[in-house]
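# A structural walkthrough
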Amino acid sequence: MSKEATGINSTGRAERAKEAELKALQAALGAEHAVVYGYGVVGGQIGEARRSEALAAYDAHRARRDELVRAVRDLGGKPEAAAAAYALPFAVKDSATAVRLAAELEERVAGVYSDLVRASTGDQRRTAAEALREAAVRAVRWRGGSVAFPGLAERAATASAPAPSQT
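Positions within a chain are numbered from 1, following the residues in the order the chain's sequence is written. Only residues with pLDDT of at least 70 are given local features in this predicted model, and only at 80 or more are side-chain atom pairs given and counted; all residues enter the totals for whole chains, interfaces and linings. To get the side-chain values, take all heavy atoms of the structure and skip hydrogens and water.

### Considerations on the nonpolar core
Definition in use: Buried Ala, Val, Leu, Ile, Met, Phe, Trp, Tyr and Cys residues form a nonpolar core when they are joined through side-chain atoms within 4.5 Å. Whether a residue is buried, partly exposed or exposed follows from its accessible area with a 1.4 Å probe, protein chains only, as a fraction of its type maximum: under 20%, in between, or over 50%, in that order. A helix here means a DSSP run of H or I that spans at least four residues, while a strand means a run of E at least two residues long, and both kinds are numbered starting from the N terminus.
Core analysis: the largest hydrophobic core is formed by 35 residues, its most contacted members being Tyr39, Val42, Tyr113, Leu116 and Trp142. Listing elements by their share of this core, those giving two or more residues are helix H1 (3-45), helix H2 (51-74), helix H3 (95-119) and helix H4 (122-143). In terms of residues, this core owes the most to one element, H3, which gives 12 residues.

### Structural notes on the environment of Arg118
Of note, Arg118 is situated in helix H3. Between the C-alpha atoms of Arg118 and Ala128, which are 10 residues apart in sequence, the distance is 9.2 Å.

### Some thoughts on the pattern of salt bridges
The following threshold applies: In what follows, salt bridge is the name for a side-chain nitrogen of Lys or Arg lying within 4 Å of a carboxyl oxygen of Asp or Glu.
Per the counting criterion, the structure on display carries 13 salt bridges. Between Asp59 and Arg62 there is a salt bridge, with the nearest N and O atoms lying 3.7 Å from each other. Of the two residues, Asp59 and Arg62 both sit in helix H2, three residues apart, roughly one turn of that helix. Note on Asp59: relative accessible area 37%, which makes it partly exposed. For Arg62, a relative accessible area of 33% corresponds to the partly exposed category. Each of Arg64, Glu67, Glu130 and Glu134 takes part in salt bridges that share partners, so that together they form one network.

### Examining H2
The condition that has to hold: By this rule the span expected of a helix is its residue count minus one, scaled by 1.5 Å.
Across its 24 residues, H2 extends 35 Å between first and last C-alpha, which sits within 8% of the 34 Å expected from 1.5 Å per residue. Three or more residues of H2 are buried, namely Ala54, Ala57, His61, Arg64, Arg65, Leu68, Val69, Ala71 and Val72.

### What about the confidence of the model for the protein?
Residues shown with low pLDDT carry predicted positions that ought not to be read at fine detail. To keep things clear, this is the line we draw: The predictor attaches a confidence to each residue, called pLDDT, with possible values from 0 through 100. It only takes one pair of heavy atoms within 4.5 Å for two residues to be counted as in contact.
Overall, the predicted model of the protein reaches an average pLDDT of 87, with 82% of residues at or above 70. By mean pLDDT, the top-scoring element of the protein is H2 (98), and the lowest-scoring one is helix H5 (residues 153-159) (45). Within the model, the stretch residues 154-163 combines pLDDT values under 50 with 10 contacts to residues more than four positions away or in other chains.

### Considering the packing of aromatic side chains
This is how it is decided: Any two rings among Phe, Tyr and Trp, with Trp reduced to its six-membered ring, count as a pair given centres within 6.5 Å; such a pair is stacked if its planes are under 30 degrees apart, edge-to-face if over 60, and tilted if neither.
Taken as a whole and judged by the stated rule, the model has two aromatic pairs. Arranged with centres 5.5 Å apart and planes meeting at 55°, the rings of Tyr37 and Tyr86 form a pair that is tilted. Taken together, the residues span a long stretch of sequence, with Tyr37 in helix H1 and Tyr86 in strand S1 (residues 86-87) at a distance of 49 residues. A centroid spacing of 6.4 Å and a plane angle of 45° characterise the contact between Tyr39 and Trp142, whose relative ring orientation is tilted.

Structure representation (structure tokens):
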């Protein structure tokens, strides 16, 4: 194969990889917007004993969201804006359901970060893997138990309700 053909093919592969990474970054950003919203609901219902844990998670997700905004811009994309509100998977009426929602939020965002790990390379992959690990650890703390492979859609489909959606 000629050098020209190889250059065109490698350039095309690089562009497709960049597009896939940007799409995964946007999905992670959208998920973080939903999680930040969800933790606002959690914070309104969580008991005093776990309030500082909820606040720490809220702050961590806001920081991740801000990192993702920068990453999207660095790849030449326009960061997805947060929706005004998101539909929750169930009503949050007390501390017990707030804890359940927090676990659900963490499990779902772990799945999105799993996709970002697959779509990215280098520093972005390390950052996504770190975010996946952090979400998985928080999910375990909230739920009080773990899953074998956090972030896998196959596991989440059997353990979780539908994902929060924009309204």
